[in-house]
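Read off the chains here:
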Amino acid sequence: MRALGAIPDVTVLEETLQWALAEVKAQDIFIVVNSVAKNRRGKDLAWEFLQKEWENLVERFGKGSHLNTRMMTSCTEFSSEEKAVEVEKFFASATIVGATRTLEQCLESIRIRASWFQRDAEEVHAWISTV
């Protein structure tokens, strides 16, 4: 299931997320969503899917389920302060029983990536252009 997120076609990635919701066992949906989120073409799709389906997923998994926290980790692929704020705002109004620490870790991960990118982007770009 992890390989499904490596598909470069955005339309197929969208279909993959919908397939996961309809056909995949509840305990495995997060695997598909997280694999799509790790794809640079899919991370925004996975985030939109998560926002749209969050309450349905919480209802399906149960409030306080460890599966909710696993779904939240798909947000860690972002690398901007703007996305950190967006994630923070969304989960401020969403049901996250027992997932406060996971949210804090997700936001920390996003902000660490954003800080690294801001600090080192020019040097990395310069190095890549020489390879």
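The rules we used
Residues numbered from 1 in each chain as written. Predicted model: local features only at pLDDT ≥ 70, side-chain atom pairs only at ≥ 80, totals over all residues. Heavy atoms only, no water. Patch = residues over 30% accessible without salt bridge, like charges linked within 9 Å, V, L, I, M, F, W, Y side chains within 5 Å. Areas by Shrake-Rupley, 256 points an atom, 1.4 Å probe, with all protein chains shown as cover. Salt bridge = Lys/Arg side-chain N within 4 Å of Asp/Glu carboxyl O. Lys, Arg positive; Asp, Glu negative; His and termini not counted. Charge placed at Lys NZ, Arg CZ, Asp CG, Glu CD. Helix = DSSP H or I, 4+ residues; strand = E, 2+ residues; numbered from the N terminus.

Asker: Provide a residue-level description of a negative patch on the surface, including the pertinent values.
Answerer: On the surface, a cluster of negative charge is contributed by Asp9, Glu14, Glu15 and Glu48. The residue Glu15 is located in helix H1 (residues 10–23) in this model.

Asker: Go over the pattern of salt bridges with me, naming the residues and quoting the values.
Answerer: Following the criterion strictly, the structure yields 8 salt bridges and no others. In this structure, Arg113 and Glu77 form a salt bridge, with 3.7 Å as the shortest nitrogen-oxygen distance. Of this pair, Arg113 sits in helix H6 (residues 100–130) while Glu77 sits in the loop between helix H4 (66–72) and helix H5 (81–92), placing them 36 residues apart in sequence. The salt bridge partner of Arg111 is Glu88, with a shortest N-O separation of 3.2 Å. Of the two residues, Arg111 sits in helix H6 while Glu88 sits in helix H5, which places them 23 residues apart along the sequence. Residues joined in a network through salt bridges with shared partners are Lys38, Glu77 and Arg113.

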